[in-house]
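# Chains, contacts and geometry: an overview
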Amino acid sequence: MIISNSKFISIMLLLTIGGIATAFVGTARAADDGARAYWKNMEDTNFLSFQMLQFNADSSGDQFDPSLGIYPNSETDMDLFVLMYGRQINLFDRSAMITASIYGGDINSEIGVDPFDSTSVRARQTASGFGDPSLGLTINLHGAPNLANFYDIANYEPKLTVDVSTLITIPVGEYEDDSAVNLGQNRWWGRIALPVVYYLGSYAPLYRTSIEVTPSVLVFAKNDDFLGQEMENDPLLQLEAHVTHDITRTLFGSIDFMWRKGFDTELDGNDVGDELDLKTLGFTVDYVINDNSTVRFSYHSNFIDDDELDADMLRFQFNYGWNALVENVKQLEHH
Amino acid sequence: MVKSIIRWYVAFCLLFIMFGFAHARDNRPNILLIVADDLGYSDLGSYGGEFNTPSLDKLADEGIRYTNFYVSPACATTRSMLLTGTDNHVAGLGSFENFIPPDAQGKPGYEGWMNHRVVTVASSLRDGGYSTYMSGKWHLGYEPDQIPRARGFERDFTLLPGAADHFSDGWSNEWHRAKAPYTEDGKFIDKLPEDFYSTKNYTDKMIKFIEEGRKEDKPFFGFLSYTAPHGPLQVPKDWLRRYKNTYDMGWDAVRHARFKRMKELGIVAEDVEQAQQLFFLPRTTGLIPAVLTLSGRKFGIYRSMTEYMDMEIGRLFDYLKEIGQYDNTLIVFISDNGAEGNDEVQILAGRPGTQGYLHAARNFAESHFNRIGMRGTFAEVGPAWAQTSSTPFRLFKAHVAEGGIRAPLIVNGPGVTGKGEINNKAILHVMDLAPTFLELAGVRHPDKKNGQEVPPIQGKSWVSMLEGEEKSPRGPDDWLGWEFFGERAIRKGDWKITRMGQPFGVQNRQEVADWKLYNLTKDPAEQLDLSDQYPKKRQELIVNWEEYVKQSNVIISKWNTMEIMSRKALPDPYPEHDNFPPTYGAEEMIRKAMEKRGEEMMRRAIENQGGDK
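The residue count restarts for each chain, going from 1 along the sequence in the order it is written. Ligands are numbered from 1 and chains lettered from A, in the order in which they are written. Reporting of local features is limited, given that this is a predicted model, to residues whose pLDDT is at least 70; pairs of side-chain atoms are given and counted only at 80 or more, and all residues count toward the totals for whole chains, interfaces and linings. Note: side-chain values were computed over all heavy atoms of the structure, leaving out hydrogens and water.

Helix and strand labels come from DSSP, where a helix needs a run of H or I of at least four residues and a strand needs a run of E of at least two; each type is numbered from the N terminus. Along its length, chain B carries 18 helices and 19 strands. When checking whether two residues touch, look at their non-hydrogen atoms; a contact exists if any pair is within 4.5 Å. Looking at chain B alone, contacts between residues at least 24 apart form 76% of all its contacts between residues at least 6 apart. In short, Shrake-Rupley with a 1.4 Å probe defines the accessible areas, and a residue's cover is counted only from the protein chains shown. In the structure as shown, chain B presents an accessible area of about 23500 Å², 54% of it carried by carbon and sulfur atoms.

This is the structure we're talking about:
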């Protein structure tokens, strides 16, 4: 049997794309990082991710998180897109990833003119345009040294990986100070997370199962002009979890769970609304289209919790990954 | 009245004596023959290998290692000889069941299974008062009258075909028998225990047979026929990654290290050279580390299988010591042929549209490098590592070059003198085992069976050698012969002639010119053809070959499989799994070069056959 490069490339890219497809770190807080977001790729692997999200929140309570489209006594529809670029890099000989993302879209909401006064007149508010861009850095602490080359990839059989992931969001997105509904947040915010992935089964397509838990803390600067008032929020604690399993060699599924808690709001020093306490459960399926591409579909809902809030999310995601060396190998096929 | 009393008294005494004899412990030695499957010549620690094989190394330290022990290039042919003491062409394995050439079909000796003209050493020993046990691989017939129970083994747990999944799935390496047939005590069984692992279960069964047979107070003959480390490379999970990166340096370095150790141990002489790397294999320095680590991973699993087998052999030895029978057991350890250099699944799979292809797709398709060694995979080490296992020799299993037919042999037991010795003088053959066992047991090989003459034993007993009375059962005029799929060889004293198929020897069909002559004492790796310097010696051995053909019923088929199939029979350019990772075009260059060479050889071969296509 003679080695066929095309077969090699398939396997090579399955390895790399397996992680590429999911690398999405907090680009829009409406969504989670996603299943297999912290799987590792070969150094210098690039990826582009395009997501379309539809988020609906129907609230009869006082929970408030504008970035999630949750306002007291409101009905909100968000149609967002997220575009993200990521690159696997070597940092201190550990596997690391940098990301840059931007989101945008439309928000339509029927909400009180004063969102913290449930008796205020309700009015339709809308926003459209781009949100705040984010920059992210994730570095592995345990279980995934830098995967510099094919040799490292060939010997990579992870059992437990622990990363630290950071994200900062820059407040340059669309923001109207006289509207409660905006795509941008008019303030800096950041996140620090500790993604942990435990791998079961062989690290080979069809046999991979993982348990993934990502606790994180989001901290927010002041918004000095929210409807003419200064808004402050407590940190938001977030726990994201996935159980993923290869259904076929090119298809995996995931059960997804997310718990967000905290984010008490003060306006001009006065507590308003309830703290956020949102649990969502959902699923993801991810299909490898070819050496470079995958598509993913997710649905999440908070149906397990909170009678005063109905929130759900649909997400369609297309991922494209490439590694220059692997692409060059493909070119040799034509020589 | 007095006479009557005397008669009764005499009768009573006779009965008493007979009863006493019947219940006296039979002090003849037990015989335990342990056969490894496709284990290379230099793998064991005691033969220069880096493998940790303490049980066999201890056996070697306490017994005798032999360096000139010969087998057939393949398993079934070897097994037919070791059980009968006759050449495989006499015993029915002139060719394999599925490869019998058209002009040999239906001819005696070419049945494809061990025929009924020959008598096994197990039958003779059973009839001579031994308990006879077999556990492991058979590969000498599938029908009820061909299985171990019918051929002299009173107890058995047997894998009938040549190879199978080592776990409980039991997939066979033959497309027409997807599930490998097993027998236990003569009955066919269709299900293996869920926790089955070949090497462990074969050992368990041998211990069970010996234990249950102890009440009979008879010596036993145990044939423990392991399937390790034959492909598929599979080993229990705990053993899977023991040598994950041990062989990242590639085969060149390992071959050289082994050769050095073999010289230090005295397995090979100081002044000889090892075989050059096979022409179609790349130098490891030209390959990327990923290729080396993944090919090395396979060899690491092969090593784990061998070490697991050694552990199980140690368990069996411990049991024999526990029951006080170790010191009364002649233990013989051999491998059945050289290491495997071909890819059996590739052969099995055949081409799309064949049954073999479908069988492989169903049961052995998984080839991801992180799954190798587990259920559902059928990896093999490939030619580069097989030639490493064959250090210092040329080629491997399925060839009559030394790498295919020279095997490790360790003997220890009662009456064995010169313990700890490495015997480089004796030229021994697997056919010698049967006459050796029979002589030790004081049992005669029958002349007739069911009124028909039984072919005489062709091997030579080692008893005098083991007792230290001689260094070799063979003198300078004795020769050994081989024919395997058209490849031919004769060894006589220091000399050997070979005639091998494309692309390893034959350039055309000029029969005499194709024989090559080697002096194995000076050149065990068969690197220097001395035909021109010693034409008389070569001619002398060719005459011996002709004697061999007559004496051993060899049919020289015009369907020379190795030549006809030369292009398809070429092994992989180097070990790899599912074509990962790339070598940046090197493999393509090799492929094109080989195709060109193969086409040219085929063209010439056809011309020399008068255009017979």
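In this section: the pairing of strand 6 (residues 160-169) of chain A. Residues and elements named next belong to chain A. In terms of strand pairing, strand 5 (residues 134-142) meets strand 6 through eight bridges, oriented antiparallel. Within the sheet, the bridge partner assigned to Ile-139 lies in strand 6 and is Val-164. For strand 6 and strand 7 (residues 189-193), the ladder comprises five bridges, and the chain directions are antiparallel. Each residue of the ladder has a partner; that of Ile-168, found in strand 7, is Gly-190. Should DSSP find at least two bridges between two strands, the strands are taken to pair.

Attention shifts here to the sheet that holds strand 14 (residues 265-267) of chain A. Residue and element names in this part refer to chain A. Judged by pairing direction, the sheet is antiparallel, and its four strands sit side by side in the order 10-11-14-15 without closing on themselves. Both edges of this open sheet fall to strand 10 (223-226) and strand 15 (270-272), since each of them pairs with a single strand only. Direction aside, the axes of adjacent strands within the sheet are offset by 40° on average. In this sheet, strand 11 (residues 229-233) lies alongside strand 10 in antiparallel orientation, the contact comprising two bridges. Within strand 11, the residue paired with Asn-223 across the bridge is Met-231. All axes are obtained by fitting lines to C-alpha atoms, using only the stretch in contact for helices, and the reported angles, taken between N-to-C directions, cover 0 to 180 degrees.

This next bit is on the packing of helix 6 (residues 198-213) of chain B against helix 8 (residues 289-322) of chain B. Residues and elements named next belong to chain B. As a packed pair, helix 6 and helix 8 sit with axes 9 Å apart at the nearest point and diverge in direction by 15°. Judged on the interaxial angle alone, helix 8 and helix 6 are roughly parallel. Like other packed secondary-structure pairs, helix 6 and helix 8 cross with a definite hand, here right-handed. Two secondary-structure elements touch here, helix 6 through Thr-199, Lys-200, Thr-203, Asp-204, Met-206, Ile-207, Ile-210 and Glu-211 and helix 8 through Tyr-308, Met-309, Glu-312, Arg-315, Leu-316, Tyr-319 and Leu-320. Throughout, the term roughly parallel applies to angles under 35 degrees, roughly antiparallel to angles over 145, roughly perpendicular to angles from 65 to 115, and oblique to all others. Helix crossings are classified by the rotation of the near helix relative to the far one: an anticlockwise turn of less than a right angle makes the crossing left-handed, while a clockwise turn makes it right-handed.

All names here are of chain A. With respect to the element layout, Ile-211 can be found in strand 9 (residues 209-220). Throughout this description, buried means an accessible area under 20% of the type-specific maximum (1.4 Å probe, protein chains only), exposed means over 50%, and partly exposed covers the range between. According to the relative accessible area criterion, Ile-211 is partly exposed, its value standing at 38%. Considered as a pair, Ile-211 and Leu-200 are eleven residues apart in the sequence and their alpha carbons are 8.0 Å apart. Contact partners of Ile-211, with chain neighbours within four places excluded, come to Val-196, Val-197, Tyr-198, Leu-200 and His-242.

With that settled, consider the sheet that holds strand 17 (residues 487-492) of chain B. Sheet strands line up and pair through hydrogen bonds in the backbone, either parallel or antiparallel. Residues and elements named next belong to chain B. Read across the sheet, four strands follow the order 16-17-18-19 without closing on themselves; strand pairing throughout is antiparallel. If you trace the sheet from one side to the other, it starts and ends with strand 16 (479-484) and strand 19 (516-519), each paired once. For this sheet, the mean angle separating the axes of adjacent strands, direction not counted, is 15°. The pairing of strand 18 (residues 495-499) with strand 19 spans four bridges and is antiparallel.

On to unusual backbone geometry, then. Residues and elements named next belong to chain B. Of note, the bond from Gly-231 into Pro-232 is cis; its omega dihedral lies within 30 degrees of zero at 0°. Of note, Pro-232 is situated in the loop between strand 9 (220-225) and helix 7 (251-265). Along the chain, Thr-391 connects to Pro-392 via a cis peptide bond; the corresponding omega equals 5°. Here Pro-392 shows up in the loop between helix 11 (382-389) and helix 12 (402-405). One non-glycine residue, Asp-185, adopts positive backbone phi at about 50°. Locating Asp-185 in the fold gives a position in the loop between strand 7 (182-184) and strand 8 (187-189). Using a relative accessible area of 22% as the deciding quantity, one classes Asp-185 as partly exposed. One non-glycine residue, Asp-217, lies in positive phi territory at about 55°.

We now examine the layout of surface pockets. Taken as a whole, the second largest pocket holds about 580 Å³ of empty space. Along the walls of the second largest pocket sit 27 residues, with Ser202(A), Pro236(B), Lys237(B), Leu240(B) and Met374(B) positioned nearest its centre. A per-element tally of the lining of the second largest pocket places strand 8 (residues 196-200) of chain A first, with three residues. Points on a 1 Å grid, built from protein atoms alone, make a cavity when a 1.4 Å probe fits but cannot get out and make a pocket when they are open with protein on both sides within 12 Å along at least 5 of 7 lines; residues with an atom within 4 Å of a point are the lining residues. Grid points are joined across faces, edges and corners, and a volume is the space filled by probe spheres set on the points.

This paragraph deals with the packing of aromatic side chains. Residues and elements named next belong to chain B. Any pair of Phe, Tyr and Trp rings, taking the six-membered ring for Trp, is counted once the centres come within 6.5 Å. Such a pair is stacked with planes under 30 degrees apart, edge-to-face with planes over 60 apart, and tilted for the rest. One pass over the structure, following the stated rule, counts 47 aromatic pairs over all chains. Taken together, a centroid distance of 5.5 Å and an interplanar angle of 75° make the contact between Tyr-41 and Tyr-47 edge-to-face. You'll find Tyr-41 and Tyr-47 in the same group, each marked buried. Measuring from centroid to centroid gives 6.1 Å for Phe-196 and Tyr-202, while their planes differ by 80°, and the two rings are edge-to-face. On the basis of relative accessible area, Phe-196 is assigned to the buried category, the value being 1%. The class of Tyr-202 is buried, set by a relative accessible area of 0%. These aromatic residues form a ring-pair network of at least three members: Phe-51, Tyr-247, Trp-251, Phe-299, Tyr-302 and Trp-385. If you follow Arg-303 out to its NZ or CZ, it ends over the ring of Tyr-243, 3.8 Å from the centre. Here, a charge over a ring is recorded when the distance from Lys NZ or Arg CZ to the ring centre is within 6 Å and its angle to the ring normal is within 35 degrees.

Keep in mind these values describe shape, not function.
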